[in-house]
Amino acid sequence: MKHKIALLADVHGNSTALKSVIEDSIQEGVTDYWFLGDLIMPGPGTNELFEILNDIKVSAYVKGNWEDSFLDVLNKNIDFNNATDIYVSRLVQYQCENLNENYINHIKNLPLQLTKQVNNLSISISHNLQNKNYGGDLWPTNNQKSFDQLFEYDYDIAIYAHTHHQLLRYSSNDQLIINPGTIGQPFFIWNKLQSDLRAQYAILEIDEAGIAEVRFKKVFYDVEKELNNAVSKNLPFIDLYREMLETGKTHSHEIELLQQIIDKFGYKNEIIKFFKKNYW
Ligand SMILES: [Mn+2]
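Presented here is a report on the structure given in the accompanying data block.

The rules behind each value
- All residue numbers here refer to positions counted from 1 along the written sequence of the relevant chain.
- Reporting in this predicted model follows two pLDDT cut-offs: at least 70 for local features of residues, and 80 or more for side-chain atom pairs to be given and counted; totals over whole chains, interfaces and linings ignore these cut-offs and use all residues.
- To obtain the side-chain values, all non-hydrogen atoms of the structure were used and water was disregarded.
- Secondary structure elements follow DSSP: runs of H or I no shorter than four residues count as helices, runs of E no shorter than two count as strands, and numbering proceeds from the N terminus.
- Atoms counted for the radius of gyration: C-alpha only. Globule rule: 2.2 Å times residue count to the power 0.38.
- Here, two residues are considered to be in contact whenever any of their heavy atoms come within 4.5 Å of each other.
- In this charge count, Lys and Arg are treated as positive and Asp and Glu as negative; neither His nor the chain ends contribute.
- Just so you know, the charge point we use is NZ for Lys, CZ for Arg, CG for Asp and CD for Glu.
- For every residue, the accessible area (1.4 Å probe, protein chains only) is compared with the maximum for its type, and the residue is labelled buried under 20%, exposed over 50%, or partly exposed between those bounds.
- Polar contact is defined as a pair of N or O atoms within 3.5 Å, subject to the rule that within protein one atom must be able to donate a hydrogen and the other to accept it, and that residues adjacent in sequence are counted only when both atoms are side-chain atoms.
- For two strands to be treated as a pair, DSSP must find at least two bridges joining them.
- Fitting a line to C-alpha atoms yields each axis, with helices limited to the stretch in contact; the angle taken between N-to-C directions then spans 0 to 180 degrees.
- Buried residues of nine kinds, namely Ala, Val, Leu, Ile, Met, Phe, Trp, Tyr and Cys, make up a nonpolar core once their side-chain atoms join them within 4.5 Å.
- Coordination shells were defined by N, O and S atoms within 2.8 Å of each metal, extended to 3.2 Å for Na, K and Ca; water is absent from the atom set, which can make sites look incomplete.
- What counts as a salt bridge is simple: a side-chain nitrogen of Lys or Arg found within 4 Å of a carboxyl oxygen of Asp or Glu.
- Handedness of a crossover is defined as follows: with both strands directed away from the viewer, a clockwise route from the first strand across the helix to the second makes it right-handed.
- Each aromatic pair joins two rings of Phe, Tyr and Trp (for Trp, the six-membered one) with centres within 6.5 Å, and gets the label stacked for planes under 30 degrees apart, edge-to-face for over 60, and tilted for any other angle.
- Charge-over-ring placement is defined geometrically: NZ (Lys) or CZ (Arg) within 6 Å of the ring centre, and within 35 degrees of the ring normal.

1. Observations concerning the overall build of the protein
- Each helix and strand counted, the protein has 11 helices and 10 strands in total.
- Radius of gyration (C-alpha) of the protein: 19 Å, near the 19 Å computed for a compact globule of 280 residues.
- Considering only residue pairs separated by 6 or more positions, the protein has 67% of its internal contacts joining residues 24 or more positions apart.
- Within the protein, the 37 negative side-chain charges are centred at a point lying 4 Å from the centre of the 26 positive side-chain charges.

2. A word on the side chain of T182
- Counting through the fold element by element, T182 comes out in the loop between β8 (176-180) and α7 (191-194).
- On the basis of relative accessible area, T182 is assigned to the buried category, the value being 0%.
- Only 2.7 Å separates the side chain of T182 from the backbone oxygen of D10, close enough to count as a polar contact.
- Within polar-contact distance, the side chain of T182 engages the backbone nitrogen of Q185 at 3.1 Å.
- Contacts of T182, omitting those with residues within four sequence positions, involve A9, D10, H164, A199 and Q200.

3. Comments concerning the sheet that holds β8
- Spatial ordering of the open sheet is given by β4-β5-β6-β8-β7, a layout of 5 strands whose pairing is mixed. The strands lining the two open edges of the sheet, one partner per strand, are β4 (113-118) and β7 (166-170). The average undirected angle you get between the axes of adjacent strands in this sheet is 15°.
- Across 5 bridges, β7 lies against β8 in antiparallel orientation. Counterpart to L168 in the pairing with β8 is I178.

4. Remarks on the nonpolar core
- By size, the foremost hydrophobic cluster in this structure holds 60 residues, and its most contacted members are L8, L39 and F70.
- Take this core: its biggest share by element is 8 residues, from helix α4 (residues 83-98).
- Those residues in contact with L8 that sit more than four places away from it in its chain are V21, I22, Y33, W34, F35, L36, I56, I183 and Y201.
- Within the second largest apolar cluster, 19 residues are counted, among which are L7, A9, L121 and I178.

5. Thoughts on the coordination of the manganese ion
- Distances from the manganese ion to its protein donors, D38 (OD), N65 (OD1), H127 (NE2) and H162 (ND1), fall at 2.1 to 2.5 Å.
- Sequence positions of the donors to the manganese ion reduce to the motif D-x26-N-x61-H-x34-H. Remark: H162 occurs in the loop between β6 (157-159) and β7 and D38 occurs in the loop between β2 (32-35) and α2 (47-55); sequence separation between them is 124 residues.
- D38 gets classed as buried once you look at its relative accessible area, which sits at 1%.

6. Overview of the pattern of salt bridges
- Tallied over the full model, the rule gives 13 salt bridges.
- The shortest N-O distance in the salt bridge between E270 and R90 comes to 2.9 Å. Of this pair, E270 sits in helix α11 (residues 267-277) while R90 sits in helix α4, and the two are 180 residues apart along the sequence.
- Exposure remark for R90: the relative accessible area of 9% places this residue in the buried category.
- For D196, the salt bridge identified is with R198, shortest N-O distance 2.8 Å.
- Overall, the relative accessible area of 21% leaves D196 in the partly exposed class.

7. Regarding the pairing of strand β1 (residues 3-8)
- Among the 6 residues in β1, 5 count as buried, and that is most of the element.
- Two strands pair when backbone bridges link them, and β1 and β2 are joined in this way by 4 bridges, in the parallel orientation. By the bridge assignment for β2, L7 is matched with W34.
- As for the winding sense of the linkage, the β-α-β connection from β1 through helix α1 (residues 15-27) to β2 is right-handed.

8. What to know about the packing of aromatic side chains
- A complete count under the given rule lists 10 aromatic pairs for this structure.
- A centroid spacing of 5.7 Å and a plane angle of 75° characterise the contact between F80 and F275, whose relative ring orientation is edge-to-face. Residue F80 is located in the loop between α3 (65-74) and α4, and its partner F275 is located in helix α11; the two are separated by 195 residues in the primary sequence.
- With a centroid separation of 4.7 Å and an interplanar angle of 85°, the aromatic rings of Y87 and F237 are classed as edge-to-face. One end of the pair, Y87, is in helix α4; the other, F237, is in the loop between α8 (223-232) and α9 (238-247), with 150 residues separating them in the sequence.
- Taking the relative accessible area as the measure of exposure, Y87 reaches 5% and is therefore buried.
- Each member of the aromatic cluster is reached from another via a ring pair, and the members are Y87, F237, F265 and Y267.
- Sitting above the plane of the F220 ring, R198 keeps its charged end 5.0 Å from the centroid.

Now the structure itself:
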């Protein structure tokens with residue numbers, strides 16, 4: 001039997017980009033969808049993102065580091081004097097004010113890794129490493145040894161995401177590694193590539209003979225529409241979101257800039273109030 005699987009990852013709250021990718025995948029005649037994590041934040045998307053995944057009957061969803069950041073804030077596992085923690089907490093507050101409880105529970109129950117058997121191929125799906133969904137271990141330019149960590153078990157193919165870079169390479173033993181890139185948050189360090197910030201995904205086709213095709217795609221979406229969506233929903237840190245979508249640049253670790261925004265909008269006090277409510 002022929003399987004045509006769309007590999008989706010790193011939506012980061014961008015429902016406009018996700019919708020464009022789904023439309024493209026339907027035209028491609030995709031038969032299955034796997035999602036590799038980082039669905040929400042910092043963009044404005046909330047329930048509609050989960051509804052889209054339900055509509056397309058996603059058959060795999062593994063937990064990204066942003067889903068874990070979401071859960072860390074729910075567990076109040078944050079430092080009030082750390083600007084990045086306040087940034088993430090304010091985004092989680094936005095989610096909690098919008099997100100249905102069943103979707104919050106969905107996030108709580110996500111696995112770090114899934115194994116799929118397609119025809120005779122064993123395929124591992126994880127956000128980053130199978131037991132670690134954060135960190136820079138699998139950055140595209142890292143050494144072979146880092147990538148070989150994906151094959152502690154005898155998988156034929158390992159699929160990961162997290163680095164927001166489309167990639168195809170092999171393990172030392174010639175097993176296949178695929179990264180479908182990012183739907184909602186593309187960026188490139190090399191200037192000339194940076195100008196193309198279309199939504200990314202990949203299609204993996206497996207037939208009776210084996211791996212028939214791996215195809216990396218880029219899909220246009222309406223950035224203005226997504227930014228208008230963010231404005232209408234009063235997304236916190238919207239200027240950072242705008243800059244990210246327009247230029248690919250992120251500032252979530254620039255403490256001084258974050259602190260200025262936090263002070264300007266009084267976000268720290270909002271977080272303190274939010275934690276007192278404790279309604280999840
Ligand atoms: Mn990630």
